[in-house]
Amino acid sequence: SNAKEQDPVLHLREARKAGRKVILVSMGTVITGDSNLGWNSRQPSARGCTGKELCQAVWGAAFDACGAESHDDLAPLLLVAVG
């Protein structure tokens with residue numbers, strides 16, 4: 001694939017032009033990073049989840065909540081930031 005196909009701004013503009021909603025899901029840089037609060041760290045405040053597990057749960061919930069029932073539906077475009 002080329003850079004144009006991977007450009008999130010291009011996808012955002014195309015989605016808005018088509019009348020689709022755009023939803024940004026971002027967990028920030030701390031939880032996705034390599035710090036002692038990050039990706040592999042297991043924090044009691046996160047109910048014992050690692051940063052990775054917490055991000056996967058949030059992203060999965062976003063996909064479940066915003067997904068389309070069929071390809072013909074105008075589901076929102078989900079932009080997921082990973083850091």
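See the structure above.
Conventions and cut-offs
- Counting from 1, residues in each chain are numbered in the order their sequence is written.
- Under the rules for a predicted model, residues below a pLDDT of 70 receive no local features and side-chain atom pairs below 80 are neither given nor counted, while totals for whole chains, interfaces and linings still include all residues.
- Computation of side-chain values: all heavy atoms of the structure, hydrogens and water removed.
- Helix and strand assignments come from DSSP, with helices taken as H or I runs of at least 4 residues and strands as E runs of at least 2, each series counted from the N terminus.
- A helix's residues, less one, multiplied by 1.5 Å, set its expected span.
- Classification of residues uses two cut-offs on accessible area relative to the type maximum, computed with a 1.4 Å probe and protein chains only: under 20% is buried, over 50% is exposed, and between them is partly exposed.
- In this description, one arc is meant: the one made by directions from the helix axis to the C-beta atoms.
- Buried Ala, Val, Leu, Ile, Met, Phe, Trp, Tyr and Cys residues form a nonpolar core when they are joined through side-chain atoms within 4.5 Å.
- Residue contacts are counted whenever heavy atoms from the two residues lie within 4.5 Å of one another.
- Polar contact is defined as a pair of N or O atoms within 3.5 Å, subject to the rule that within protein one atom must be able to donate a hydrogen and the other to accept it, and that residues adjacent in sequence are counted only when both atoms are side-chain atoms.
- Residues enter a patch when their relative accessible area is above 30% and they make no salt bridge; the linking distance is 9 Å between like charges and 5 Å between nonpolar side chains (Val, Leu, Ile, Met, Phe, Trp, Tyr).
- Note on areas: these come from Shrake-Rupley sampling with a 1.4 Å probe, and a residue is covered only by the protein chains present in the view.
- For salt bridges, the criterion is a side-chain nitrogen of Lys or Arg within 4 Å of an Asp or Glu carboxyl oxygen.

Enquirer: Describe helix α3 (residues 51-66), and please don't skip the residues or the numbers.
Expert: Taking 1.5 Å of rise per residue, 16 residues should cover 22 Å, and α3 covers 22 Å from first to last C-alpha, within 8% of that figure. Taken as a whole, α3 has its buried residues at Gly-51, Cys-55, Trp-59, Ala-62 and Cys-66. Projection of α3 onto a plane perpendicular to its axis shows the buried side chains occupying an angular sector of 55°, all on one side. Facing away from the buried side of α3 by over 90 degrees, the exposed positions are Asp-64 and Ala-65.

Enquirer: How would you summarise the nonpolar core if you had to cite specific residues and measurements?
Expert: One finds Val-25, Ile-31, Cys-55, Trp-59 and Ala-62 forming the largest nonpolar core, which totals five residues. A per-element tally of this core places α3 first, with three residues. Not counting the four nearest positions on each side in its chain, Ile-31 is found in contact with Leu-37, Gly-38, Trp-39, Gly-51, Leu-54 and Cys-55.

Enquirer: If you had to explain helix α2 (residues 8-17) to someone new, which residues and values would you point to?
Expert: The N-cap residue of α2 is Asp-7: its side-chain oxygen and the backbone nitrogen of Val-9 are 3.1 Å apart. Gly-19, located one to two residues past α2, shows a positive phi value of around 85°.

Enquirer: Tell me about a nonpolar patch on the surface, and please be specific about residues and values.
Expert: A cluster of nonpolar side chains, contributed by Phe-63, Val-80 and Val-82, occupies part of the molecular surface with about 260 Å² of accessible area. Within the secondary structure, Val-82 sits in the segment after β2 (77-81).

Enquirer: Give me the side chain of Ser-41: which residues, what numbers.
Expert: Summarising the element assignment, Ser-41 is placed in the loop between β1 (22-26) and α3. A distance of 2.6 Å separates the side chain of Ser-41 from the backbone oxygen of Asn-36, its partner in a polar contact. With sequence-adjacent residues up to four places away left out, Ser-41 is seen in contact with Ser-35, Asn-36, Cys-49, Thr-50 and Gly-51.

What is shown is where atoms sit, not what they do.
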